Amino acid sequence: MEKHPSGIKPETWLVSAGRPTEPGAPLNVPPILASNFIIGGGREYARGSGTPTWEALEAIVGGLEGGKAVAFASGLAAVAAVFDQLPVGAVVVIPEDCYQGVASLSARGAERGRWSVQRVAVDDTRGWIHASAAADLIWLESPSNPLLVVADLEAILAAARKPGAIVAVDNTFATPLNQQPLDLGATVSVQSATKFIGGHSDLLAGVVTTRDDGLWHALRKSRELTGATPGTFEAFLAVRGARTLALRLQRAQQTAMILAERLEGHPLVARVRYPGLPSHPTHGIARRVLKGFGTMISFDLLGGAEFADAVCRKVRLIRHATSLGAVESTMERRAAVPGQEHLPPSLLRLSVGIEDPDDLWADLDSAIRSGAL
Ligand SMILES: *Cc1c(COP(=O)(O)O)cnc(C)c1O
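The rules behind these values
- Residues numbered from 1 in each chain as written.
- Predicted model: local features only at pLDDT ≥ 70, side-chain atom pairs only at ≥ 80, totals over all residues.
- Heavy atoms only, no water.
- UniProt positions renumbered as here; feature names shortened; annotations may be inferred.
- Helix = DSSP H or I, 4+ residues; strand = E, 2+ residues; numbered from the N terminus.
- Rg over C-alpha atoms; globule rule 2.2 N^0.38 Å.
- Buried < 20%, exposed > 50% of the residue type's maximum accessible area, 1.4 Å probe, protein only.
- Contact = heavy atoms within 4.5 Å.
- Areas by Shrake-Rupley, 256 points an atom, 1.4 Å probe, with all protein chains shown as cover.
- Lys, Arg positive; Asp, Glu negative; His and termini not counted.
- Charge placed at Lys NZ, Arg CZ, Asp CG, Glu CD.
- Pairing = 2+ DSSP bridges.
- Axes fitted to C-alpha atoms, helices over the stretch in contact; angles between N-to-C directions.
- Near = heavy atom within 4 Å.
- Nonpolar A, V, L, I, M, F, W, Y, C, P; charged D, E, K, R; others polar.
- Salt bridge = Lys/Arg side-chain N within 4 Å of Asp/Glu carboxyl O.
- Domains from an automatic or database assignment.
- Buried area = accessible area lost by both parts, 1.4 Å probe.
- Polar contact = N/O pair within 3.5 Å; in protein donor to acceptor, adjacent residues only side chain to side chain.

Looking at an unreviewed UniProt entry, one finds the chain named Cystathionine gamma-synthase, with Limnochorda pilosa as its source organism. In its Cofactor (unreviewed entry) section, the UniProt record describing the chain reads: "pyridoxal 5'-phosphate". Turning to the chain, the UniProt record has this under Sequence similarities (unreviewed entry): "Belongs to the trans-sulfuration enzymes family."

Helix and strand counts for the chain come out as 15 helices and 12 strands. Taken over C-alpha atoms, the radius of gyration comes to 21 Å for the chain, in line with the 21 Å a tight globule of 373 residues would show. Sorting the 373 residues of the chain into buried and exposed places 55% on the buried side. Considering only contacts within the chain whose residues lie at least 6 apart along the sequence, 69% involve residues at least 24 apart. For the chain, the accessible surface area stands at approximately 15500 Å², while carbon and sulfur atoms represent 55% of it. Taking the 36 positively charged and 38 negatively charged side chains of the chain as two groups, their mean positions are separated by 1 Å.

With that settled, consider unusual backbone geometry. What is expected of a backbone is that most residues other than glycine have negative phi and most peptide bonds are trans. Of note, the amide linkage connecting Ser 142 to Pro 143 takes the cis form, showing an omega dihedral of -10°. Topologically, Pro 143 is positioned in the loop between strand 4 (137–141) and helix 7 (153–157). Omega for the peptide link from Asn 145 to Pro 146 comes to 5°, which places this bond in the cis form. Here Pro 146 lies in the loop between strand 4 and helix 7. Positive phi, normally seen in glycine, also occurs at Leu 148, with a value near 60°. Here Leu 148 lies in the loop between strand 4 and helix 7. Look at Leu 148 and you get buried, because its relative accessible area is 2%. The phi dihedral of Thr 175 falls on the positive side, at around 65°, and the residue is not glycine. Tracing the chain through its elements places Thr 175 in helix 8 (residues 175–178).

This brings us to the sheet that holds strand 6 (residues 188–192). The strands making up a sheet are joined through hydrogen bonds of the backbone, oriented either antiparallel or parallel. The seven strands lie next to each other as 1-7-6-5-4-2-3, forming an open sheet whose pairing is mixed. Edge strands, defined here as strands with exactly one partner in the open sheet, are strand 1 (68–72) and strand 3 (115–120). Averaged over all pairs of adjacent strands, the angle between strand axes in this sheet comes to 20°, irrespective of strand direction. Where strand 4 and strand 5 (residues 166–170) come together, five bridges link them in parallel fashion. Across the sheet, Glu 141 pairs through a bridge with Asp 170, a residue of strand 5. Contacts from helix 5 (residues 100–111) reach strand 2 (90–95), strand 3 and strand 4 within the one sheet, and its direction differs from that of strand 3 by about 140°. Sheet strands in contact with helix 6 (residues 125–132) are strand 2, strand 3 and strand 4, and its direction is about 155° off that of strand 4.

Glancing now at the site of the ligand. Every one of the 13 residues lining the ligand counts as a neighbour, but Gly 75, Leu 76, Asp 170, Thr 194 and Lys 195 are closest to it. In isolation the ligand has 380 Å² of accessible area, and contact with the protein removes 93% of it. For the shell around the ligand, the residue count by class is five nonpolar, five polar and three charged.

Moving on, we come to the pattern of salt bridges. Close approach of charged atoms allows side chains of opposite charge to pair. As enumerated under the stated definition, the model contains 14 salt bridges in all. In this structure, the salt-bridge partner of Arg 43 is Glu 55, at a minimum N-O distance of 2.9 Å. Taken together, the residues Arg 43 in the loop between helix 1 (10–16) and helix 2 (46–49) and Glu 55 in helix 3 (residues 52–65) connect sequence positions 12 residues apart. Accessibility expressed as a relative area gives 18% for Arg 43, which makes it buried. Using a relative accessible area of 30% as the deciding quantity, one classes Glu 55 as partly exposed. Residue Arg 223 pairs with Glu 58 through a salt bridge whose shortest N-O separation is 3.0 Å. Of this pair, Arg 223 sits in helix 10 (residues 213–226) while Glu 58 sits in helix 3, and the two are 165 residues apart along the sequence.

Looking now at the sheet that holds strand 11 (residues 330–333). Taken together, the five strands give an open sheet; going across it, the order is 8-9-12-11-10, and neighbouring strands pair in mixed fashion. In this open sheet, the two edge strands, each paired with only one partner strand, are strand 8 (269–273) and strand 10 (319–320). Bridge count between strand 9 (residues 296–301) and strand 12 (residues 347–351): five bridges; the pairing is antiparallel. Counted as the bridge partner of Asp 300 is Leu 347 from strand 12. Of the strands in this sheet, strand 9, strand 10, strand 11 and strand 12 are in contact with helix 14 (residues 305–314), which crosses strand 11 at around 160°. In the packing of helix 15 (residues 357–371) onto the sheet, contacts are made with strand 8, strand 9, strand 11 and strand 12, and the angle to strand 9 comes to roughly 20°.

For the chain, the domain assignment lists domain 1 (10–242) and domain 2 (245–371). Taken residue by residue, the interface counts 32 residues in domain 1 and 35 residues in domain 2. For the domain 1 and domain 2 pair, buried surface summed over both sides reaches about 2800 Å², with 60% attributable to carbon and sulfur atoms. Of all residues in domain 1, Leu 148, Asn 178 and Phe 196 give up the largest surface area on contact with domain 2, accounting jointly for 24% of the area buried on that side. The partner of Asp 152 in a salt bridge is Arg 288, with the nearest N and O atoms 3.0 Å apart. Our count for the contact surface shared by domain 1 and domain 2 stands at 17 residue pairs in polar contact (both at pLDDT 80 or more).

As structure tokens, then:
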């Protein structure tokens, strides 16, 4: 599927892409519940040939990212399919701050002798450029999870690399509306569609997009041979969610800016990490690389883990839950997550939803004040 035609805005593409066009067809691709198709039409067994429901999701996300997409069972299945492309003994470089599943997956592969892993700080642009020369896989994530550091993708993706190397960007936090890594020179862009694309905390799905035709076929082969296929209802729901992505993102990131500014002035908050704040260490890069600052805010309380846990118990509108990118706001203390103990103990990661900003602020402020008691 092609990049959305010039002249059509991404907001319009989200609504109009991936729909049937034949007279009499339904407006929406239905959830097609089929493992196999009658031979002769180019489609035989779904695990290998895909289904029209998966393809609708691939058309929407692929068009936004500007390449050809492959949909997977989850974001991590999409990540694993990229790692599956590596030869034995490959050199993998991942960020110091990144999605826990990516860190665990790469560490597990290293333990088993499949590849070696180096880590570079998200904002160490020179370190990334240096590592690019010898790496087989450069894995970038920006803004990073959960510290929300913004990588200088323009500079890093322009760096010289080993022939055949894959440069992947986990574009989940930015979404293809705020950042288009393939335009900057990435080989693949990865989405956990579980988050913003789906947007309602009711599905797991992932998408990888590339402009490299050989890699696209190889990713489809990985999906076929590992069986990491998307569920039919999940793909249908992800398409449905994607239709409103632009509205949801726009609203939630406006609210995130308001909440970040208010948190920064809060007497019980020690530090706010939001790329849209001028005080953010990589704000300058964010202004240059991102079209929007996103809906994720991490903030450290003036206090320890107990204080932060109490705040999580006190919020009412904001749900004490993991994950992100949904219509409802969620918050959690990241250092409480196994494998994330190195993070500041009072750091709370807030995924801002589409609720009214004043209602969210009242909830957050009263939870912080009563949590401190
Ligand atoms: C959630 C997430 C993933 C993994 O996606 P799943 O759909 O949970 O498998 C990968 N990267 C980032 C940045 C995520 O937030």
